[in-house]
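Structural overview
Each chain is listed here by its residues.
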Amino acid sequence: MIRDITIGQYYPGKSVLHSLDPRVKLIVTFWLIVVIFLCKSFFSLGLIALTAVAAAALSRVPAKMILKSLKPIVIILIFTAILNIFYTQGGETYFSWWKIEITEKGVNTAIFTMIRIVSLVVISSLLTYTTTPTMLTDALERILSPLKVFKIKVHTLAMMMTLALRFIPTLIEEIDRIMNAQKARGADLETGGLVERAKALVPIFIPLMVSAFRRAYELAFAMTCRCYTGGEGRTRMKQMKIALRDIIAIIFCAAITAGVIVLNHFFDAVI
Amino acid sequence: MSEKIIEFENVTFAYETEEEDAPVQFPALTDVSLTINKGEFVAVLGHNGSGKSTLAKLCNAILEPTKGKVTVKGIVPDTEEKADEVRRIVGMVFQNPDNQIVATIVEDDVAFGPENLGIEPAQIRKRVDDALKSVNMYEFRHREPHKLSGGQKQRVAIAGVIAMQTECIVLDEPTAMLDPKGREEVMQTVKRLNKEMGITVVLVTHFMDEAVQADRVVVVDGGRIVMNGKPREIFSNVEKLRSFGLDVPQSTELCHVLGIKEGVLDVDECVDEIARLAGGAL
């Protein structure tokens, strides 16, 4: 059933990762992503990869789901690996035929890049697995709120994101309904070439746009009725509080950063 | 007389559209005067295009009268600030539940109104929980609105107004898009708000069986108030109602056609009357 769709890929749970403050989670995730790109040796990258695995275990999200998030990047992984093997030259030659040479440095770089991408995806998908989209937009609003100084309407942006998320399932249902209505009138949506199919979508998107505008209009009315006047003077029911575990998470992150820098210094750089 | 909460004084409202550079006015309401008292349950009846929705929107300053004056507890909403004040007194529920739910989680949506009013977080929590309990949706507080039925969504929308603690709720055809079960759920909730919580209710509807449950029925036709009285008085006048393009509840009609009694309001009463006619118990 189309009604049953869940926005994002939140995996409900009660693990430590789930209960961390979303602001801290957001910052820590970006921090770790930066640290991934600071890694130069296999040892420092290994430390990050280990952190990613440990965090995944801590989140209690099934390994199957985490592997599923890696599926879309398999092609990218293979592609970058091949490019690195053939284009990075240096060190001992393992294999040579015609113009192709596979060298030690090429293989190392390929493996290094692959581990780097996988850690990146695992860490960032852990954020979306353990945080609801609403919590994420909320956290983003609060983190970016200092930008108010530059007259950037952070609250309005966050409200737009929340409303967009809220209306995704509604509009999907609407598309389904319009498609059925057009099919009932004899519209052919499944056959024909690319151009014909694109043309067949016009009678679906026009009603969708019209209804989306009508919905927006009514929603604006409803929001006015509920005394919405923008971000000024608004309070929030759900407060975000930094707990001890959040501080530990930040300290842990700092320790990993330090570890990466030290390991970079003592071991040979791969890249 | 009890305390007035909403007062219409000779209100005229016309929608304006631009046609060939000359503004054309479509009158939706003409010279309407109406008083809604505190604690009342008033049903506004009318067929499509009678102006009943316009009447509802004038109650909380969504629309401004072209002529005349709408007063809510002594406030005339002629500025944005005063309109906001009026909206703290009169809440509104619309027809389509999908287009009035703002958040992706039920309890966050109910909290939206109180958050806009700038209420303390702990206080909002309490209001939200109480509001959800009063519409029997407390168990659903962590659910996503799009996974609820129409009747449940509409009850969430009502809870959103209750949490704002308005003195009056205007419902603009809240059951028009619902199935019979959803309609029943919403009507039960509305009646409870009025009877148990003492909230003034203005219910705009075109369902006769809903209007019957009100304390007072106002019939609108062609932008004017044509009837205003107790349900029993209104529904005694079957022919007049018909002339406004309105039907009467089935039990009322049966008793009218049989010539037993005018102004019968529900099935039980109808059964009693027929039993009496038959001269025995049924």
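Read on for an overview of the structure. (Residues numbered from 1 in each chain as written. Chains lettered and ligands numbered in written order. Predicted model: local features only at pLDDT ≥ 70, side-chain atom pairs only at ≥ 80, totals over all residues. Heavy atoms only, no water.)

We now examine the overall build of chain A. When helices and strands are counted, chain A shows ten helices and two strands. Along its sequence from the N terminus, chain A presents helices and strands in the succession α-α-α-α-α-β-β-α-α-α-α-α. Over its C-alpha trace chain A gives a radius of gyration of 24 Å, far above what one expects of a compact globule, namely 18 Å for 271 residues. In terms of principal-axis extent, the alpha carbons of chain A reach across some 70 × 55 × 40 Å. Every one of the 271 residues in chain A was classed for burial, and the buried ones make up 37%. In chain A, the proportion of contacts linking residues at least 24 apart, taken out of those at least 6 apart, comes to 76%. A total of about 16300 Å² of accessible surface is found on chain A, and carbon and sulfur atoms cover 71% of it. Here chain A holds 30 positive side-chain charges and 17 negative ones, and the gap between their average locations is 7 Å. (Helix = DSSP H or I, 4+ residues; strand = E, 2+ residues; numbered from the N terminus. Rg over C-alpha atoms; globule rule 2.2 N^0.38 Å. Buried < 20%, exposed > 50% of the residue type's maximum accessible area, 1.4 Å probe, protein only. Contact = heavy atoms within 4.5 Å. Areas by Shrake-Rupley, 256 points an atom, 1.4 Å probe, with all protein chains shown as cover. Lys, Arg positive; Asp, Glu negative; His and termini not counted. Charge placed at Lys NZ, Arg CZ, Asp CG, Glu CD.)

Once that is clear, we can look at the sheet that holds strand β2 (residues 22-37) of chain B. Residue and element names in this part refer to chain B. Spatially, β2-β1-β4 is the arrangement adopted by the three strands of the open sheet, whose pairing is antiparallel. Sheet topology places β2 and β4 (67-72) at the edges, where each strand pairs with a single neighbour. Sheet twist, expressed as the mean angle between neighbouring strand axes with direction ignored, is 25 degrees. Pairing between strand β1 (residues 4-19) and β2: twelve bridges, direction antiparallel. Directly across from E18, in β2, lies its bridge partner P23. Each of β1, β2 and β4 is contacted by helix α1 (residues 52-59), which is oriented at about 120 degrees to β1, the strand it contacts most. (Pairing = 2+ DSSP bridges. Axes fitted to C-alpha atoms, helices over the stretch in contact; angles between N-to-C directions.)

Turning next to empty space enclosed by the protein. Taken as a whole and judged by the stated rule, the model has two cavities of 30 Å³ or more. One number sums up the size of the largest cavity: a volume of about 250 Å³. Along the wall of the largest cavity there are 18 residues; nearest its centre are D138(A), T162(A), R234(A), R236(A) and E115(B). Going through the elements one at a time, α7 (133-144) and α8 (154-184) of chain A together with α3 (106-116) of chain B are the ones with two or more residues in the lining of the largest cavity. Tallied by class, residues from the lining of the largest cavity come to seven nonpolar, three polar and eight charged. Two domains share the lining of the largest cavity, each providing at least three of its residues, namely domain 1 (2-144 + 240-266) and domain 2 (153-225) of chain A. One number sums up the size of the second largest cavity: a volume of about 50 Å³. If you trace the second largest cavity, you find it lined by A222(A), C225(A), R226(A), M92(B), F94(B), Q100(B), A157(B) and V161(B). When residues of the lining of the second largest cavity are traced back to their parent elements, those giving at least two are α9 (194-225) of chain A together with α5 (150-162) of chain B. Residues belonging to the lining of the second largest cavity are distributed by class as follows: six nonpolar, one polar and one charged. (1 Å grid on protein atoms, 1.4 Å probe; cavity = no way out; pocket = protein on both sides within 12 Å on 5 of 7 lines; lining within 4 Å. Points joined across faces, edges and corners; volume = space filled by probe spheres on them. Nonpolar A, V, L, I, M, F, W, Y, C, P; charged D, E, K, R; others polar. Domains from an automatic or database assignment.)

Here we come to the packing of α8(A) against α9(A). Residue and element names in this part refer to chain A. One way to put it is that α8 packs onto α9 with a least axis distance of 10 Å and a crossing angle of 140 degrees. Taken together, α8 and α9 sit at an angle that is classed as oblique. For the pair α8 and α9, the crossing hand works out as right-handed. Residue-level inspection shows M159, L163, F167, T170, L171, E174, I175, R177, I178, M179 and Q182 of α8 in contact with α9, the latter providing P203, I204, P207, L208, S211, A212, R215, L219 and M223. Looking at the contact of α8 with α9 residue by residue, the class counts come to 14 nonpolar, three polar and three charged. (Parallel < 35°, antiparallel > 145°, perpendicular 65-115°, else oblique. Left-handed = near helix turned anticlockwise from the far one by under 90°.)

Listed as interface residues are 41 residues of chain B and, on the opposing side, 33 residues of chain A. Taking both sides of the interface into account, the surface hidden between chain B and chain A amounts to around 3300 Å²; carbon and sulfur atoms contribute 55%. Linking chain B with chain A are five salt bridges, by the criterion used here. The salt bridge partner of E107(B) is K238(A), with a shortest N-O separation of 3.0 Å. The interface formed by chain B and chain A holds 15 residue pairs in polar contact (both at pLDDT 80 or more) in total. The element best represented in the side of chain B that touches chain A is α3(B), accounting for ten residues. For the side of chain B that touches chain A, the per-class residue count stands at 18 nonpolar, eleven polar and twelve charged. (Buried area = accessible area lost by both parts, 1.4 Å probe. Salt bridge = Lys/Arg side-chain N within 4 Å of Asp/Glu carboxyl O. Polar contact = N/O pair within 3.5 Å; in protein donor to acceptor, adjacent residues only side chain to side chain.)

Residue and element names in this part refer to chain B. Read from one edge of the open sheet, six strands run β5-β6-β7-β3-β8-β9, paired in mixed fashion. Lying at the two open borders of the sheet, with one neighbouring strand each, are β5 (90-93) and β9 (224-229). Direction aside, neighbouring strands of the sheet carry axes that sit 20 degrees apart on average. Relative to strand β8 (residues 216-221), strand β3 (residues 41-45) is paired through four bridges, and the arrangement is parallel. Across the sheet, residue V44 finds its bridge partner in β8, namely V218. Its contacts with the sheet put helix α2 (residues 80-89) on β5 and β6 (168-172), and the angle it makes with β5 is roughly 70 degrees.

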